[in-house]
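# Architecture at a glance
Okay, here's what each chain looks like letter by letter:
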Amino acid sequence: MRLLVTGGAGYVGSVVAAQLIEAGHEVTVLDDLSTGHEDAVPEGARFVRADIREADQALDGVEAVLHFAAKSLVGESVREPGRYWAGNLGGTLALLDAMRDKGVGRIVFSSTAATYGEPERSPIEESDPTRPTNPYGASKLAVDTALSAYAGLRGLGAVSLRYFNVAGAYGRYRERHAVETHLIPNVLKVATGERESVSVFGTDYPTADGTCVRDYIHVSDLAKAHLLALGAITPGEHEIYNLGSGTGFSVQEVISVCREVTGHEIPAVVGERRPGDPAVLVASSARIQRELGWKAERASLRDIVSDAWGALSGK
Ligand code: UFG
């Protein structure tokens, strides 16, 4: 298929673009490089440097859009909510209008576990309440709401994938954020010598060891779900699927696995809780397994950390 990948110079977008090209699709990447890297655009993709509000120039002949371009830092979204509403919701609405004008009726959307907020039960299912606790999650939820409406009103075919904690690397494609807030890359930066220690944000949560529990999914498994979603799009319908491994690991457990994989002692310093962090976030991915046949292949935390470490350290 002829596909447009917005945000294809970013972490998840570049891995999906690479897998789409490997599967024989014709890919155009649209990215304004505000957080992405041009050298992350896979070989074989056409690259258009532009904002998603200017997507019309890249939509001719396109059969479906995979939409990753977004602002995605929870803390920043609390400080600068307007940028999240304008970029994530406003930008996506402009993209959807451009798609309508060009007759492109299919989209796979990069949604997030942050749409759920503080969960009432674990693992979280797609039918659970969505009560985001920050503007990032709220802006992504608003897009999910718009996609459902446009599916009914305009016959758009859409699939939203709600990612839990994405980590790991796919070949040369890895996480490279200018401001790194995520746990695994921050822990590994201690092993490379870029940081002296990692901060553990709170040890007084109601979990087995007192640190927050998250559901880590390998970026390669996550990317595969996008190819399945693309094949499952039905005009006039909007489907939502969670994507995680179904298993939770605490911050301390993640640091331990990073120590084993890197052979580095990785000093950890206990700090304050980070505002807005739920104690436990674990996905039920039963729906995508049942309906699309998705299965995690590199599900162990050790595999995820090993691949992230390999891409970071060249080992
Ligand atoms: N943490 C630390 N030290 C660090 C970094 C993180 O202790 O240096 C802790 C956090 O407090 C949290 C856990 O490690 O308990 C994971 O934190 P991340 O920042 O790696 O990931 P989050 O769970 O906060 O965020 C992820 C996605 C977001 C998404 C969110 C859904 O990265 O995009 O899940 O709640 F919104």
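Here, residues in each chain are numbered from 1, in the same order as that chain's written sequence. This being a predicted model, a pLDDT of at least 70 is required before a residue's local features are given, and a value of 80 or more before pairs of side-chain atoms are given or counted; all residues contribute to the totals for chains, interfaces and linings. Excluding hydrogens and water, the side-chain values take into account all heavy atoms of the structure.

## Points about the overall build of the protein chain
In plain terms, the rule: Segments assigned H or I by DSSP are reported as helices when at least four residues long, segments assigned E as strands when at least two residues long, and all are numbered from the N terminus. For the radius of gyration, the atoms used are the C-alpha atoms, and the globule rule reads 2.2 Å times the number of residues raised to 0.38. Relative accessible area decides the class of each residue, using a 1.4 Å probe on protein chains only: under 20% of the type maximum gives buried, over 50% gives exposed, and in between gives partly exposed. Note on areas: these come from Shrake-Rupley sampling with a 1.4 Å probe, and a residue is covered only by the protein chains present in the view. The charge count treats Lys and Arg as positive and Asp and Glu as negative. His and the chain ends do not count. Here the site of a charge means NZ on Lys, CZ on Arg, CG on Asp, or CD on Glu.
When helices and strands are tallied, the protein chain shows nine helices and 14 strands. Whereas a compact globule of 315 residues would reach a radius of gyration of roughly 20 Å, the protein chain reaches 19 Å, a difference of no more than 12%. When the backbone C-alpha atoms are referred to their principal axes, the protein chain occupies close to 55 × 40 × 40 Å. Residue burial in the protein chain is summarised as follows: out of 315 residues, 52% are buried. Accessible surface for the protein chain amounts to roughly 13300 Å². Of this, 49% is attributable to carbon and sulfur atoms. In the protein chain, 31 side chains carry a positive charge and 41 a negative one; their mean positions are 1 Å apart.

## A word on helix H4 (residues 135–154)
Definition in use: A helix's residues, less one, multiplied by 1.5 Å, set its expected span.
For H4, spanning 20 residues, the distance from its first C-alpha to its last is 27 Å, which sits close to the expected 28 Å at 1.5 Å a residue. Counting buried positions along H4 yields 14 of 20 residues, so the element is predominantly enclosed. In the segment just after H4, Gly155 is the residue with positive phi, at about 75°.

## Description of the packing of helix H7 (residues 251–262) against helix H9 (residues 301–313)
Our working definition: Working convention: axes come from line fits to C-alpha atoms, limited for helices to the stretch in contact. Angles between N-to-C directions cover 0 to 180 degrees. Should an angle lie under 35 degrees it is considered roughly parallel, over 145 roughly antiparallel, and from 65 to 115 roughly perpendicular; all remaining angles are considered oblique. Should the near helix be turned counterclockwise from the far one by less than a right angle, the crossing is left-handed, whereas a clockwise turn marks it as right-handed. Residues are treated as being in contact if the distance between any of their heavy atoms lies within 4.5 Å. Gly counts as polar in this scheme, as do all residues outside two lists: the nonpolar Ala, Val, Leu, Ile, Met, Phe, Trp, Tyr, Cys and Pro, and the charged Asp, Glu, Lys and Arg.
Contact pair H7 / H9: the axes reach a minimum separation of 9 Å and the direction vectors enclose 55°. Taken together, the axis directions place H7 and H9 in an arrangement best described as oblique. Read as a crossing pair, H7 and H9 show a hand that is right-handed. Taking contact as the criterion, the partners of Glu253, Val254, Val257, Cys258, Glu260, Val261 and Thr262 in H7 are, on H9, Leu301, Arg302, Val305, Ser306 and Trp309. The class makeup of the residues in the contact of H7 with H9 is seven nonpolar, two polar and three charged.

## With respect to the site of the ligand
Threshold: The cutoff for a nearby residue is simple: one of its non-hydrogen atoms must lie within 4 Å of the molecule or strand. In protein, a polar contact requires one atom able to donate a hydrogen and another able to accept it; more generally it is a pair of N or O atoms within 3.5 Å, and residues adjacent in sequence count only if both atoms are side-chain atoms.
What surrounds the ligand is a group of 21 residues, the closest being His182, Ser199, Arg214, Arg274 and Asp277. In this structure, a nitrogen atom belonging to the ligand sits 2.7 Å away from a main-chain N or O atom of Ser199. In this structure, Arg214 approaches the ligand through a side-chain N or O atom, which is 2.7 Å from an oxygen atom. Against a free-state accessible area of 690 Å², the protein chains account for coverage of 91% of the ligand. At the level of elements, helix H5 (183–191) and strand S8 (198–201) are the ones that each hand at least two residues to the shell around the ligand. Per element, the largest residue contribution to the shell around the ligand is three residues, and it comes from S8.

## Focus: the UniProt feature "domain: NAD-dependent epimerase/dehydratase" (unreviewed entry) in the protein chain
What counts is decided by this rule: UniProt positions are given in the numbering used here, feature names are shortened, and annotations may be inferred rather than shown by experiment.
As recorded in UniProt, the feature "domain: NAD-dependent epimerase/dehydratase" (unreviewed entry) lies at residues 4–244. With 34% helix and 20% strand, the stretch residues 4–244 has end C-alpha atoms that lie 25 Å from each other.

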